[in-house]
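Coordinates in review
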Amino acid sequence: MIDLRSDTVTKPSKAMRKAAYEAEVGDDVYGEDATVNKLEETAAEILGKESALFVTSGTQGNQIAALTHCKPGDEVILEANAHIFLYEAAAFSALAGVQSNPIQGTRGAMNPKDVETTIRKDDIHFPDTTLICLENTHNKAGGAIVPLENMREIYSIANRNNIPVHLDGARLFNASVASGISVRTYAKYTDTVQFCLSKGLGAPVGSIIAGDRQFIAKAKKWRKRLGGGLRQAGIIAGPGLVALTENVERLVEDHDFAKKLANGLANIDKLQVENKVETNIILVNVKNTGYSVNQFLEELKSRGILAGAYGTNSIRFVTNYDVTKEDIEKTLVRIQEIVS
Ligand SMILES: *Cc1c(COP(=O)(O)O)cnc(C)c1O
């Protein structure tokens, strides 16, 4: 099977399995797991933040950020199609007790003026705005890169209003590799950041959150409270370290393959590529093929290709670590078969 459903479906490489096998471990709740410590130090250094914390997933990292920055009854400003808003089972309200105030953006980027006017004034009727969340790359917007300038403007508005900014950077390394802007530069315009080791970087488990020392100290307690205090976690941090130190440049390949696939699809009558493909996600409208989304996905599956549904008319392909150039060529041939 050629699996283009997500960049999370990849299997750990030999180097990762070896790193798991050989990891130096200890009880991480005691702060004694050397491999976890090394992963956290390396991540903090790469991001240019004081401190970092290994967490079980991107969702847990984002939730810990809200729990640490906010208190129940506060309000968070985020983009209307943010992963945090759409795909985290309402954890912001269920766990952190915060209310989301979504702003419709353009390709995942909120207009800074909208952010400014959405910040709550001091009024007895209003909740306090205590966090602004950004997402880069933007998942629902098809892996769109949120421009650095947009982040800079929002960060300066946030600073003027004494509101922290959290970046959901599940795919921040994709943004960095595609734009040529370092993750450190992106991280300058956010107080805290979450990125996934288990997406394009290919690790089997885990995310990192980073920020200043005080934030991470509080975050550590929230992680414990959520049941995320792990013991000999070096077994999973080892592969994470391989992902972070050896697999970043490789993302170029995912992006090249995504462009190759998108260009091929754009040349097929009856198909419309809906997004500007900047990173590893391709959205394709199949409405004119005569197949429903589910039928189209079944046709693909019967030819050895897996993709995902995206809304009522479109399907989604995500290039990843386990996909080869031949897989992309084969996928294009099979799709041509289906629509002709
Ligand atoms: C995948 C994803 C997450 C959540 O990560 P999990 O590890 O699946 O919990 C958060 N934000 C964005 C933008 C994502 O794409």
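Residues numbered from 1 in each chain as written. Predicted model: local features only at pLDDT ≥ 70, side-chain atom pairs only at ≥ 80, totals over all residues. Heavy atoms only, no water.

- An unreviewed UniProt entry lists the protein under the name Low-specificity L-threonine aldolase, from Aquibacillus rhizosphaerae.
- Quoted verbatim from the Sequence similarities (unreviewed entry) field of UniProt, the annotation for the protein is "Belongs to the threonine aldolase family."
- According to the UniProt record, the Cofactor (unreviewed entry) comment for the protein reads "pyridoxal 5'-phosphate". (UniProt positions renumbered as here; feature names shortened; annotations may be inferred.)

1. A closer look at the domain arrangement of the protein
- The domain architecture assigned to the protein consists of domain 1 (14–246) and domain 2 (250–339).
- Summed over both partners, the interface of domain 1 with domain 2 comes to about 1,300 Å²; 53% of that surface belongs to carbon and sulfur atoms.
- Together, Arg107, Gly142 and Asn174 form the three largest contributors to the area buried by domain 1 at its contact with domain 2, with a combined 31%.
- Our count for the contact surface shared by domain 1 and domain 2 stands at 1 salt bridge.
- For Glu278, the salt bridge goes to Arg107, with nearest N and O atoms at 3.3 Å.
- Counting every contact that joins domain 1 to domain 2 gives 9 residue pairs in polar contact (both at pLDDT 80 or more).
- By residue number, the principal contributor to the side of domain 1 that touches domain 2 is helix H8 (residues 172–179), which donates 4 residues. (Domains from an automatic or database assignment. Buried area = accessible area lost by both parts, 1.4 Å probe. Salt bridge = Lys/Arg side-chain N within 4 Å of Asp/Glu carboxyl O. Polar contact = N/O pair within 3.5 Å; in protein donor to acceptor, adjacent residues only side chain to side chain. Helix = DSSP H or I, 4+ residues; strand = E, 2+ residues; numbered from the N terminus.)

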